[in-house]
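What the coordinates show
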Amino acid sequence: MKQVKVFLDESEIPKQWYNIQPDMPTPMSPPLHPGTGLPVGPDDLAPVFPMNLIEQEVSTERWIDIPEEVLEKYMLWRPTPLYRARNFEKLLDAPVQIYYKNEGVSPPGSHKPNTAVAQAYYNKVFGIKRISTETGAGQWGSALSMACKMFGLECRVFMVRVSYDQKPFRGLMMNVWGANCIPSPSDKTEAGRRVLAENPDSPGSLGLAISEAIEDAVGNEDSRYALGSVLNHVLLHQTINGLEAEKQLKMIGVYPDVVIGCTGGGSNFGGLCLPFVRDKIHGKELSIVCAEPTSCPTITRGPFAYDFGDMAQTTPLLAMHTLGHDFVPAPIHAGGLRYHGMAPIISHLVKEHLLEARAYNQIQTFEAGIKWARSEGFISAPETNHAIAAVVQEAERAKEEGKEKVILFNWSGHGLVDLAAYDAYLSGKLVQYDMPEEEIARALKAIDGLPKP
Ligand SMILES: Cc1ncc(COP(=O)(O)O)c(C=O)c1O
């Protein structure tokens, strides 16, 4: 029998996260205070995040110990298995070996609890009682709801309206874990009321939901905000996955030629890829590919610029690929990829030509996801289908070139709460949504006049 899964023994779980900052070939542009134009200091961020997470955000230590309490929670589903997708390989009939990390085995069904558990822990240790957050597809909101319950914290989630309507079961999962889930735009905040006044039917966006959650959190001594992607500390926590993958591949004597992940804010991609980016910085030859939607083509069509992380301009200015902070992406089912910006770490690595990005339309991604489900069995999250579309493309290229390739990708989550999206695909109602050039130009007006990195 041929091997399909590589399991890492529980005792082999990585005990430290990997911080890429000290290995960056050039320094990253710092986040700026929008008022002064100067780099933000820890005190500027203190009303929003607990100081222990701010310290991680700016840390230049290469390795950061994972607290025992966090490891204990990780053990509920980690180490996650590394799979070889033998059935998919057969279907594609190309000279490729395809490996993937199955992050869908976590209780909420995605990679998101890797950072949710860590963030809830650090907030708890800092004396925080309540966390507010945003969520797109609901994977992050449900992960944080579970993590908050584990550490005895209250949790309030602003869920992007279109996803709230498309995925009612995600909100219910949050309720099961004891959290409060509110559709955004909401009348609970100034930012939400402003948008509702202009457009009562607004589908919402991650940029707006972030504004609502920050507004809800700040000004209250024992509440803070948590972000499920984009920031350095989030990508840091996610590296547990790439570090496990490195060990698992070593166990079977394999090294990838191509590493792939889908990118919304960059966290599952960063988590798998950053340990391999370190190898690339040190001379290894491999391609590392971000897969994003054509309807929200942040890296492939957005400039590298300073922009706000949210619509209401409450965050510091981040140097990143962006489509403009008031960009409202089309209501694709991959709600977790509907974000105007990209993690500064990922953006910087793209600028340094260490990563490349490709965009796929919604129909292509579901075609790939259906092929996957009908060969490998697992039903993927719509976000994850972008990574699978990139795998299909890589396999086709390998076939054309007659070259053997080892592909590793992040199966970032299951789609069992996203079946309405599959229904739309199967009944021919799924819309392709591409982005006209004029729409990008219009959205980018929002960053006119902001400092340049
Ligand atoms: C399953 C899944 N994959 C990917 C993403 C994209 O987020 P990120 O780029 O932070 O990994 C999300 C976000 O909600 C998600 O739920």
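Residues numbered from 1 in each chain as written. Predicted model: local features only at pLDDT ≥ 70, side-chain atom pairs only at ≥ 80, totals over all residues.

A look at the overall build of the protein
Helix and strand counts for the protein come out as 18 helices and 15 strands. Its C-alpha atoms give the protein a radius of gyration of 20 Å, within 12% of the compact-globule value 22 Å for 453 residues. The principal-axis extent of the C-alpha atoms belonging to the protein is close to 60 × 50 × 45 Å. The proportion of buried residues among the 453 residues of the protein is 57%. The long-range fraction of contacts in the protein, counting pairs at least 24 apart against all pairs at least 6 apart in sequence, stands at 77%. (Helix = DSSP H or I, 4+ residues; strand = E, 2+ residues; numbered from the N terminus. Rg over C-alpha atoms; globule rule 2.2 N^0.38 Å. Buried ≥ 20, exposed ≤ 12 C-beta atoms within 10 Å, placed from the backbone. Contact = placed C-beta atoms within 7 Å.)

Thoughts on helix α15 (residues 362-376)
Here α15 is 15 residues long and its end C-alpha atoms lie 20 Å apart, about the 21 Å a rise of 1.5 Å per residue gives. Of all the positions in α15, only Gln 362, Gln 364, Thr 365, Phe 366, Ala 368, Gly 369, Trp 372 and Glu 376 are classed as buried. Where α15 is buried, its residues touch α4 (86-92), β11 (287-293), β14 (356-360), α16 (382-401) and α17 (419-426). One or two positions beyond α15, positive phi appears at Gly 377, with a value near 95°. (Expected span 1.5 Å × (residues − 1).)

Brief notes about the environment of Gly 264
For Gly 264, the location among the structural elements is in the loop between β10 (258-262) and α12 (267-281). Of the residues examined, Gly 264 has 31 C-beta atoms within 10 Å and is grouped as buried. Counting along the chain gives 34 residues from Gly 264 to Val 230, while the straight-line C-alpha distance between them is 8.4 Å. Discounting chain neighbours no more than four positions away, the residues touching Gly 264 are Gly 136, Ser 229, Gly 336, Leu 337, Tyr 339 and Glu 383.

As for the confidence of the model for the protein
This prediction gives the protein a mean pLDDT of 96; 100% of its residues lie at or above 70. The lowest-confidence element of the protein is helix α7 (residues 161-166), averaging 91 in pLDDT; the highest-confidence one is strand β2 (residues 16-18), averaging 99. (pLDDT = per-residue confidence, 0-100.)

Section: the packing of α15 against α16
The geometry of α15 relative to α16 is characterised by a closest axis approach of 8 Å and an angle of 85° between their N-to-C directions. Taken as axis vectors, α15 and α16 run roughly perpendicular relative to one another. Contacts from Gln 364, Thr 365, Phe 366, Ala 368, Gly 369 and Trp 372 of α15 reach α16 at Pro 382, Asn 385, His 386, Ile 388, Ala 389 and Val 392. Looking at side-chain class alone, the contact of α15 with α16 contains seven nonpolar, five polar and no charged residues. (Axes fitted to C-alpha atoms, helices over the stretch in contact; angles between N-to-C directions. Parallel < 35°, antiparallel > 145°, perpendicular 65-115°, else oblique. Nonpolar A, V, L, I, M, F, W, Y, C, P; charged D, E, K, R; others polar.)

What to know about the site of the ligand
Neighbouring the ligand are 21 residues, the closest being Gln 139, Ser 229, Gly 264, Gly 336 and Gly 413. With three residues, the single largest contributor to the shell around the ligand is α12. In terms of residue class, the shell around the ligand is built from six nonpolar, 14 polar and one charged. (Near = placed C-beta within 6 Å.)

So, the pairing of β11
Taken across its seven residues, β11 has six buried, putting it largely inside the fold. Relative to β11, β10 is paired through five bridges, and the arrangement is parallel. Looking at β11, one finds that Val 258 is bridged to Ser 287. (Pairing = 2+ DSSP bridges.)

Brief notes about the nonpolar core
Counting residues in hydrophobic clusters, the biggest one holds 127 residues, and the most contacted among them are Ala 120, Leu 144, Ile 260 and Val 391. Top element by residues in this core is α16. It accounts for eight residues. With sequence-adjacent residues up to four places away left out, Val 391 is seen in contact with Ile 98, Ile 260, Ile 407 and Phe 409. The next biggest cluster of nonpolar side chains, apart from the first, holds five residues, and it includes Phe 366, Ala 421, Tyr 425 and Leu 430. (Core = buried A, V, L, I, M, F, W, Y, C linked by C-beta atoms within 7 Å.)

Regarding the packing of helix α9 (residues 190-198) against helix α10 (residues 206-217)
When two helices pack together, you describe them by how their axes are tilted relative to each other and by the distance separating the axes. α10 packs onto α9 with a crossing angle of 140° between their chain directions and a minimal axis gap of 7 Å. As far as their axial angle goes, α10 and α9 are oblique. Counting all contacts with α9, which are made through Glu 190, Ala 191, Gly 192 and Val 195, the residues of α10 involved are Leu 208, Ser 211, Glu 212 and Glu 215. Taken together, the residues of the contact of α9 with α10 sort by class into three nonpolar, two polar and three charged.

Quick word on the sheet that holds strand β8 (residues 180-184)
Ordered in space as β8-β7-β6-β9, the four strands form an open sheet in which the pairing is parallel. Either end of the sheet is taken by a strand with one partner, and the two such strands are β8 and β9 (223-225). When strand polarity is set aside, the average angle formed by the axes of neighbouring strands in this sheet is 20°. Here strand β6 (residues 130-135) runs beside β9; their pairing, made up of three bridges, is parallel. Within the sheet, the bridge partner assigned to Ile 131 lies in β9 and is Arg 224.

Considerations on the environment of Ser 347
Along the chain, the position of Ser 347 falls in helix α14 (residues 344-351). On the basis of neighbour count, Ser 347 is assigned to the buried category, with 27 C-beta atoms found within 10 Å.

Observations concerning the pairing of strand β5 (residues 96-102)
The buried count for β5 comes to five of seven residues, which makes it a mostly enclosed element. Summarising the sheet, strand β4 (residues 82-84) and β5 pair through three bridges and their orientation is antiparallel. Pairing of Tyr 83 across the sheet is with Tyr 100, part of β5. Pairing between β5 and strand β15 (residues 405-411): seven bridges, direction parallel.

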